[in-house]
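Below, each chain spelled out in residue letters.
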Amino acid sequence: MHLLRWLGMAAVALAMGGYAHAATVKIGVVLPYSGANADLGHQIDKAFDLYVKLHANDIAPHKVEIIKRDEGPPTGAQAKTVTTELITNDKVQVVTGFVFSPSAIALAPVITQAKVPMIIANAGTAWITNLSPYIVRLSFSMWHPAYPMGAYAYDKIGCKTVAMAYTDFPPGKDSTEAFRTGYEKAGGKIVDSIPMGSPVQVPDFTPFFQKIKDEHPDCMYVFIPSGAHAAGVMKAYGELGMRKAGIKLIGPMDLIPDNKLQDMGEAAIGTIVMGHYARDLDNPQNKAFVAEWHKAYGPDSYPDFMSAAGWDTMHAIFDTIKKLNGDLSDGAKVVDALKGWSTNGPRGHVMIDPATRDIVQDEHAMEVYRQPDGKLGERVLGTVKAVKDECKVLKVGRCAS
Amino acid sequence: MDASETQAVLSARSAARARAADYLARRHRFRWPECLPWLLAIAAFFLLPDRMTFGAQVLIMVMFALSLDLILGYAGIVTLGHAAFFGVGAYTVGLLIARLGYTEPISSLCAAAMVAALIGFGTGWFLLRYRGLTLLMLTLATAIMLQETGNLRSDISGGYDGLPGLTIAPLFGIFQYDLYGHVNYLYVLGVLGLIFFFVRRIVYSPFGQALTGIRENVRRMHAIGSPVHRRLVTVYTIAAAIAGVAGALFTQTNAYVTLAVFDFDVSAKVMVMLILGGTGRLYGAFAGAVVYMVLEDYFSKMSPTFWQFGIGLLLVLTVLFAPRGILGLIEGASGRAARRAGP
């Protein structure tokens, strides 16, 4: 009897020891789940869920518990409140997500004080990563596509003069600033730079584009928020007959969102964009990623660059859990583990720059063309390898501090 | 007119004056249920120590709604641009810290109140000649113009990316702000208490009665010689100052401000809160802001995707069954109970 009880206690002790070893890592996910921007949140949320579903066993015996909260509008206030509570109440060890730059900017002092790493899956203002040593970015900065596009446009596309047009909010200003820096360095000449109103509503682009048409540059560089704006740009560009007038349309990948491409029609053909992801991107990881996506969410749902970044973000978190054996209690160690992390993901080879904690990735120049089956597709014209955030390399403006 | 007639007129006048003074004093008298919101706010501090970041946000919205109540509820000024003053206050504090390195919290609050009052006076003097839809459009335009000015000079304002990392000096040089927001909460509660005391004085003063008169029948107020425009501008300026203080607290508690503080959403949300709570009732601002924000928080935790449906449903129900807001509902219920208890 005594022996039995002793054995029982030993078994319990063993089980408890085993339990303590198998950690449950709490991850706070903050994305816009409601309102006008819910679409953006869902593109990342689906990628997170898909990764967790397919790779839950990779981190055994450890588990993850994901707590989702609504990021709200791009003011920073709601994101700050909910994330602070994720840290103070729910005791999450990592916070991730963050579509809007103001959310990440508002939270920088909080995560510095709390020593909880923030792993950004979208927010693209270049200088965010300078705000706290606990910020790691897996997505991009506005400079990633725009800066290399400068040299590429001058050397390869043959744009000797460019007019820029942009939506008048921080990403628009950052993108055109980055393009101008790269382009003027290569020897090009910017003839005009036109702000086109706030991102809230889609304007009629005709007057802005007519002005550009009158100025006869070789190319026009357009930045608009991805989505409904992009369709409006193509409509005005086509109706004004600008391609026939010899003005090529170039820009970052936001110009041709994957889920809007088919509706854009003839006007879009020949548009050249710089970007780190397209769902046609030819690498085995992307093929598998897109296939799994369709299997999980149906044939009409497509991943985009945000989903690709979301996938890599969760991948990085899982690798960190493995590397630290489930113990993510020390934020500084988590960030150290992520420095220099690299993988082959849907975007191709990506790496975290140990110096800036920002992503290093390939940028592809992609042209819209008509596929043999009649649909529009994107083909890669050229690739700029291992692009860093040049804003921080060159110490431009707020990136300097 | 002989002496006795003059005497009669004078005594009638003084009797009327005494009646009016008595009426005001009676309304101004302290009532015990008024303790309730404050006791709840203090209880929240002890019972929910983990929720103080959120709590401070709620109190700030209460203050903002209170300022709107002063002009919408009491003076009947319909505005869709109240965020203008919230934003001006928020940016006064933000710019003081980011551009001038001035971090003392209390004097920054006063500066925010003054700047917001100045803008309120300037725009109010011009706008309050108009009423109805015209006024609605003009107030909306004011907020948009301020926002666009900020966007134009984003080298100063930081644009929509905002002014980050606004650290504030310790309160009274002693209390440091903390991650859990305890100091923030008490600080905001203290300021709200002062402002509320001030607003309560105003609405139960003869000036407050004149505002109600303007709301109910502006022609009659003109006819009895009340300086309508001057009173409207005065109350608009006061409300602007209070909204400015709320905005300043918003910046101080968030340590961050972006141009989004001028958004139409902000103006609309505060109006919805006030209508939900009940306009022209002082405590409507409390009930509305607290109920709205707590439900928003609760629903959005329950379902981060569909929570807006819950809020929408609540608003529809309010408009259908409680057009005078939550406080109107309570007043109605207590009135019925009193009648039933009476003879």
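Residues numbered from 1 in each chain as written. Chains lettered and ligands numbered in written order. Predicted model: local features only at pLDDT ≥ 70, side-chain atom pairs only at ≥ 80, totals over all residues. Heavy atoms only, no water.

### A few points about the overall build of chain B
Looking only at helices and strands, chain B has 15 helices and 0 strands in total. By the compact-globule yardstick of 20 Å for 343 residues, chain B fits well, its C-alpha radius of gyration being 22 Å. Overall size of chain B, expressed as C-alpha extent along the three principal axes, is 75 × 50 × 45 Å. For chain B, long-range pairs separated by at least 24 residues make up 80% of all intrachain contacts whose partners lie at least 6 apart in sequence. When the accessible area of chain B is evaluated, it comes to approximately 16600 Å², of which 70% is carbon and sulfur surface. Each charge class in chain B can be summarised by its mean position, and for the 26 positive and 17 negative side chains these summaries are 12 Å apart. (Helix = DSSP H or I, 4+ residues; strand = E, 2+ residues; numbered from the N terminus. Rg over C-alpha atoms; globule rule 2.2 N^0.38 Å. Contact = heavy atoms within 4.5 Å. Areas by Shrake-Rupley, 256 points an atom, 1.4 Å probe, with all protein chains shown as cover. Lys, Arg positive; Asp, Glu negative; His and termini not counted. Charge placed at Lys NZ, Arg CZ, Asp CG, Glu CD.)

### Some details on the side chain of glutamate 367 of chain A
Residues and elements named next belong to chain A. When you line up the elements, glutamate 367 lands in strand 13 (residues 359-370). Classification of glutamate 367 by relative accessible area gives buried; the value is 18%. For glutamate 367, the contacting residues outside a window of four places in its chain are Gly270, Thr271, Ile272, Gly377, Glu378, Arg379 and Leu381. (Buried < 20%, exposed > 50% of the residue type's maximum accessible area, 1.4 Å probe, protein only.)

### Structural notes on the packing of aromatic side chains
The final tally for this structure, using the stated rule, is 25 aromatic pairs over all chains. A centroid spacing of 5.9 Å and a plane angle of 70° characterise the contact between phenylalanine 289 of chain A and tryptophan 293 of chain A, whose relative ring orientation is edge-to-face. In this pair, phenylalanine 289 of chain A and tryptophan 293 of chain A are both assigned in helix 9 (residues 284-297), 4 residues apart and thus about one turn of the helix distant. Owing to a relative accessible area of 2%, phenylalanine 289 of chain A belongs among the buried residues under this scheme. Pairing phenylalanine 196 of chain B with tyrosine 283 of chain B gives two aromatic rings, centres 4.9 Å apart and planes at 50°, and the pair type is tilted. Residue phenylalanine 196 of chain B is found in helix 8 (residues 182-203), and its partner tyrosine 283 of chain B is found in the loop between helix 12 (264-277) and helix 13 (284-302); the two are separated by 87 residues along the sequence. On the basis of relative accessible area, phenylalanine 196 of chain B is assigned to the buried category, the value being 4%. (Phe/Tyr/Trp six-rings, centres within 6.5 Å; stacked < 30°, edge-to-face > 60°.)

### Considering the side chain of serine 175 of chain A
Residue and element names in this part refer to chain A. Tracing the backbone shows serine 175 in helix 6 (residues 170-186). At 2.8 Å, the side chain of serine 175 and the side chain of tyrosine 221 are in polar contact. Setting aside residues up to four positions removed in sequence, serine 175 forms contacts with Met142, Ala146, Tyr221, Phe223 and Pro252. (Polar contact = N/O pair within 3.5 Å; in protein donor to acceptor, adjacent residues only side chain to side chain.)

### A short note on the pairing of strand 2 (residues 63-70) of chain A
Residues and elements named next belong to chain A. Pairing of strand 1 (residues 24-31) with strand 2, which is carried by 8 bridges, proceeds in the parallel orientation. Directly across from threonine 24, in strand 2, lies its bridge partner lysine 63. Taken together, strand 1, helix 2 (residues 38-55) and strand 2 constitute a β-α-β crossover, and its handedness is right-handed. (Pairing = 2+ DSSP bridges. Right-handed = clockwise from strand over helix to strand, strands pointing away.)

### Topic: the environment of phenylalanine 169 of chain A
For phenylalanine 169 of chain A, the location among the structural elements is in the loop between strand 6 (161-166) and helix 6. Look at phenylalanine 169 of chain A and you get buried, because its relative accessible area is 15%.

### A closer look at helix 2 of chain A
Compared with an ideal rise of 1.5 Å per residue, which puts 18 residues at 26 Å, helix 2 of chain A spans 25 Å between its outermost C-alpha atoms and is within 8% of the ideal. Where the residues of helix 2 of chain A are buried, they touch strand 1, strand 2, strand 3 (94-97), helix 9 and helix 10 (305-323) of chain A. (Expected span 1.5 Å × (residues − 1).)

### Quick look at the interface of chain A and chain B
Of the residues lining the interface, 35 residues belong to chain A; the matching set on chain B comes to 33 residues. Across the chain A to chain B interface the summed buried area is about 2600 Å²; carbon plus sulfur atoms make up 54%. Two residues, arginine 69 of chain A and aspartate 297 of chain B, come together in a salt bridge whose shortest N-O distance is 3.3 Å. Our count for the contact surface shared by chain A and chain B stands at 10 residue pairs in polar contact (both at pLDDT 80 or more). (Buried area = accessible area lost by both parts, 1.4 Å probe. Salt bridge = Lys/Arg side-chain N within 4 Å of Asp/Glu carboxyl O.)

### Some points on the state of the cysteines
All names here are of chain A. Taken as a whole, this structure holds 2 disulfides over all chains when the rule is applied. Between the sulfur atoms of cysteine 159 and its disulfide partner cysteine 219 the distance amounts to 1.9 Å. Between cysteine 159 and cysteine 219 the sulfur-sulfur dihedral comes to about -80°; the bridge is accordingly left-handed. Of this pair, cysteine 159 sits in the loop between helix 5 (143-157) and strand 6 while cysteine 219 sits in strand 8 (residues 219-223), placing them 60 residues apart in sequence. Here cysteine 159 matches cysteine 219 in class, with each residue buried. Disulfide pairing places cysteine 391 opposite cysteine 399 at an S-S distance of 1.9 Å. Note on the cysteine 391 and cysteine 399 pair: the S-S dihedral is about 95°, so by sign convention the disulfide is right-handed. The exposure class of cysteine 399 is buried, given its relative accessible area of 4%. Across chain A, the way the bonded cysteines pair up, counted in sequence order, is 1-2, 3-4. (Disulfide = S-S within 2.5 Å.)

### Quick look at the packing of helix 9 (residues 206-216) of chain B against helix 11 (residues 228-254) of chain B
Residue and element names in this part refer to chain B. Relative orientation of the contacting elements helix 9 and helix 11 amounts to 110°, with a least axis distance of 10 Å. Judged by the inter-axis angle, helix 9 sits roughly perpendicular to helix 11. Crossing geometry of helix 9 relative to helix 11 is assigned as left-handed. Contacts between helix 9 and helix 11 involve Phe207, Ala210, Leu211 and Ile214 from the first element and Val228, Arg231, Leu232, Thr234 and Val235 from the second. Its residues assigned to classes, the contact of helix 9 with helix 11 shows 7 nonpolar, 1 polar and 1 charged. (Axes fitted to C-alpha atoms, helices over the stretch in contact; angles between N-to-C directions. Parallel < 35°, antiparallel > 145°, perpendicular 65-115°, else oblique. Left-handed = near helix turned anticlockwise from the far one by under 90°. Nonpolar A, V, L, I, M, F, W, Y, C, P; charged D, E, K, R; others polar.)

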